[in-house]
Amino acid sequence: LCRELKAECEIVPVEFSELFNVLENREVSFAVMGISITPERARHIIFSDGYYRTTSIFVSRAGTGMSAGGRLAVQKDTVLENYLRNTYPDAELIRLTEYRDILSAVENGEADLAFVDALAVYGYLLDNTGLDIAETIELDEALCIGFNKNDNKLRSAVNEALGQIRKSGEHESISRKYFDFSI
């Protein structure tokens with residue numbers, strides 16, 4: 001993306017819970033964190049065109065499946081947390097920040113299931129035979145890049161760059177380098 005933008009980029013690690021503050025305060029130019037669009041988020045930031053789609057999955061300890069119980073680990077302050085609150089109102093939600101902590105909660109018995117973005121945990125699940133995908137949920141959301149509300153010019157440039165990356169086949173090439181499926 002930076003090469004297509006002809007820009008020198010610096011990667012700045014940011015907790016997802018701080019994402020909107022750092023964009024509003026212009027501490028970063030844009031955020032590439034697989035952000036889904038919600039009305040609440042749209043009050044604070046603007047979004048690129050979608051650059052990938054992913055599936056959400058419930059992860060359980062191997063062999064336990066969806067019957068594992070009602071303690072659900074999820075990344076806090078996300079669309080996935082909102083989905084669980086609306087779909088499983090009686091479940092005990094264990095709200096964590098990092099995916100590795102969410103999956104560890106299932107591994108060590110603190111949670112019965114994890115509800116996570118499949119793409120974000122793909123590599124972890126390949127290396128960990130103690131966990132299974134218990135169920136797949138298609139939320140049908142395009143994930144986007146986030147910008148400060150006043151950065152329409154940068155958003156347009158990023159959208160154009162994303163389009164060129166797709167058109168050239170580079171997006172698919174990158175996808176196939178890391179995943180057995182297209183994102």
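Everything below is about the structure shown above.
Note that this is a predicted model, so its numbers are computed, not measured.

Draft legend 1. Highlighting helix H7 (residues 152–167). With 16 residues, H7 should reach 22 Å at 1.5 Å per residue; the first-to-last C-alpha distance of 22 Å fits that figure. Of the positions making up H7, those classed as buried are Val-158, Asn-159, Ala-161, Leu-162 and Ile-165. What you see down the axis of H7 is that its buried residues fit within an arc of 165°, all on one side. Exposed positions of H7 whose direction lies more than 90 degrees from the buried face are Lys-153, Glu-160 and Lys-167.

Draft legend 2. A look at the side chain of Asp-112. Position of Asp-112 among the secondary structure elements: in the loop between helix H5 (99–107) and strand S7 (113–117). Classification of Asp-112 by relative accessible area gives buried; the value is 7%. Within the structure, the side chain of Asp-112 is placed 3.2 Å from the backbone nitrogen of Gly-70, a separation counted as a polar contact.

Draft legend 3. Looking closely at the pattern of salt bridges. Enumeration over the complete set of coordinates arrives at 9 salt bridges. Taken together, the salt bridges that share partners define one network made up of Asp-77, Glu-81, Arg-85 and Arg-95.

Draft legend 4. The arrangement of the packing of aromatic side chains in detail. For the structure on display, the rule yields 6 aromatic pairs. When the centroid spacing of 6.2 Å and the interplanar angle of 85° are considered together, the rings of Phe-16 and Phe-20 count as edge-to-face. Here Phe-20 falls in the buried class, since its relative accessible area comes to 16%. Put simply, the rings of Phe-58, Tyr-83, Tyr-88 and Phe-115 pair up and form one aromatic cluster.

Draft legend 5. Representation of the nonpolar core in the model. Core analysis: the biggest nonpolar cluster contains 15 residues, and Ile-57, Val-59, Ala-73, Ala-114 and Val-116 have the highest contact counts within it. For this core, the secondary structure elements donating two or more residues are strand S4 (56–61), H5, S7 and helix H6 (118–127). Not counting chain neighbours up to four residues away, the residues in contact with Ile-57 comprise Ala-114, Phe-115, Val-116, Ala-118, Val-121, Leu-125, Ile-133, Glu-135 and Thr-136. Ranked by size, the runner-up nonpolar core spans 12 residues in total, among them Tyr-52, Leu-119, Ile-145 and Phe-179.

Draft legend 6. Structural detail: the environment of Leu-143. For Leu-143, the location among the structural elements is in strand S9 (residues 142–148). Residue contacts for Leu-143: discarding those within four places in its chain leaves Gly-34, Ile-35, Ser-36, Asp-49, Gly-50, Tyr-51, Tyr-52, Thr-54 and Asp-117.

Draft legend 7. Local environment of the sheet that holds strand S6 (residues 92–96). Strand order in the open sheet formed by 5 strands is S6-S5-S7-S4-S8, with mixed pairing between adjacent strands. Single-partner strands in this sheet number two, and they are S6 and strand S8 (131–137). Within the sheet, the average angular offset between the axes of one strand and its neighbour, ignoring direction, is 30°. Relative to S8, S4 is paired through 6 bridges, and the arrangement is antiparallel. When the sheet's bridge partners are listed, Phe-58 is paired in S8 with Glu-135. Across the sheet, H6 touches S4, S7 and S8, and the angle it forms with S7 is around 115°.

Rules used throughout
Residues numbered from 1 in each chain as written. Predicted model: local features only at pLDDT ≥ 70, side-chain atom pairs only at ≥ 80, totals over all residues. Heavy atoms only, no water. Helix = DSSP H or I, 4+ residues; strand = E, 2+ residues; numbered from the N terminus. Expected span 1.5 Å × (residues − 1). Buried < 20%, exposed > 50% of the residue type's maximum accessible area, 1.4 Å probe, protein only. Arc of directions from axis to C-beta. Polar contact = N/O pair within 3.5 Å; in protein donor to acceptor, adjacent residues only side chain to side chain. Salt bridge = Lys/Arg side-chain N within 4 Å of Asp/Glu carboxyl O. Phe/Tyr/Trp six-rings, centres within 6.5 Å; stacked < 30°, edge-to-face > 60°. Core = buried A, V, L, I, M, F, W, Y, C linked by side-chain atoms within 4.5 Å. Contact = heavy atoms within 4.5 Å. Pairing = 2+ DSSP bridges. Axes fitted to C-alpha atoms, helices over the stretch in contact; angles between N-to-C directions.

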